[in-house]
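A closer look at the structure
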Amino acid sequence: GWALRWLSQRNLSAAELEQRLLAKGFDPDEVKTVIDDLLEHGWINEHAVYDAVIRQGLAHHAGPRKIAARLQRRRLDQEWVARFRQTESREVDWQEIAEALLRRYDKDDPRERARLLRRLVREGFPRAVIARISESWDDAQAAADHWEDD
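Conventions we followed
Residues numbered from 1 in each chain as written. Predicted model: local features only at pLDDT ≥ 70, side-chain atom pairs only at ≥ 80, totals over all residues. Heavy atoms only, no water. Phe/Tyr/Trp six-rings, centres within 6.5 Å; stacked < 30°, edge-to-face > 60°. Helix = DSSP H or I, 4+ residues; strand = E, 2+ residues; numbered from the N terminus. Buried < 20%, exposed > 50% of the residue type's maximum accessible area, 1.4 Å probe, protein only. Lys NZ or Arg CZ within 6 Å of the ring centre and 35° of its normal.

Here we look at the packing of aromatic side chains
Describing an aromatic ring pair means giving the distance of the ring centres and the angle of the ring planes. For the coordinates displayed, the defined rule picks out three aromatic pairs. Taking the centre distance of 5.4 Å and the plane angle of 35° together, the rings of Trp2 and Trp6 count as tilted. Here Trp2 pairs with Trp6, and both are found in helix H1 (residues 2-9), just four residues apart, close to one helical turn. For Trp6, a relative accessible area of 12% gives the class buried. Ring centres of Tyr50 and Trp80 lie 4.9 Å apart, and the angle between their planes is 40°; on these two criteria the pair is classed as tilted. Taken together, the positions of Tyr50 in helix H4 (residues 46-59) and Trp80 in helix H6 (residues 78-91) put the pair 30 residues apart, joining distant regions of the chain. For the pair Tyr50 and Trp80, one class covers both residues: buried. In this arrangement the basic side chain of Arg5 is found over the ring face of Trp2, its NZ or CZ atom lying 4.8 Å from the centre. Of note, Lys24 hangs over the ring of Trp2, and the distance from its end group to the ring centre comes to 4.0 Å.

What follows is the structure, encoded as structure tokens:
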């Protein structure tokens with residue numbers, strides 16, 4: 001009943017489904033049996049949850065630390081989180097994603113630049129990416145100052 005209804009609406013990890021069923025007051029032994037059956041029959045697909053969290057995070061310009069936190073929040077096994085940190089996060093061009101965010105902000109306005117830097121930190125982008133974005137503004141400002149002096 002409840003388990004299939006929830007799974008038909010959204011991919012859930014086994015731990016998320018277990019938590020929901022226990023919160024509804026179902027017997028822990030019954031919950032374990034149901035989850036084992038659902039896993040065995042492929043109704044719970046943790047790989048699909050993993051892929052969806054990463055896809056959604058990248059679509060919303062989240063950084064690697066934020067995506068890893070979302071994987072943990074979805075109560076995926078630590079092996080999935082470690083897999084993301086060790087492989088997938090290294091394959092993503094975080095600089096490109098940060099630059100896509102940069103286009104949404106007025107880089108000539110110091111307040112807008114500060115807002116973007118705070119967002120990059122909040123979204124969990126690597127420090128090196130944030131530093132390169134900040135340095136690119138400093139280089140652009142220095143070039144602008146140079147042309148104004150002539």
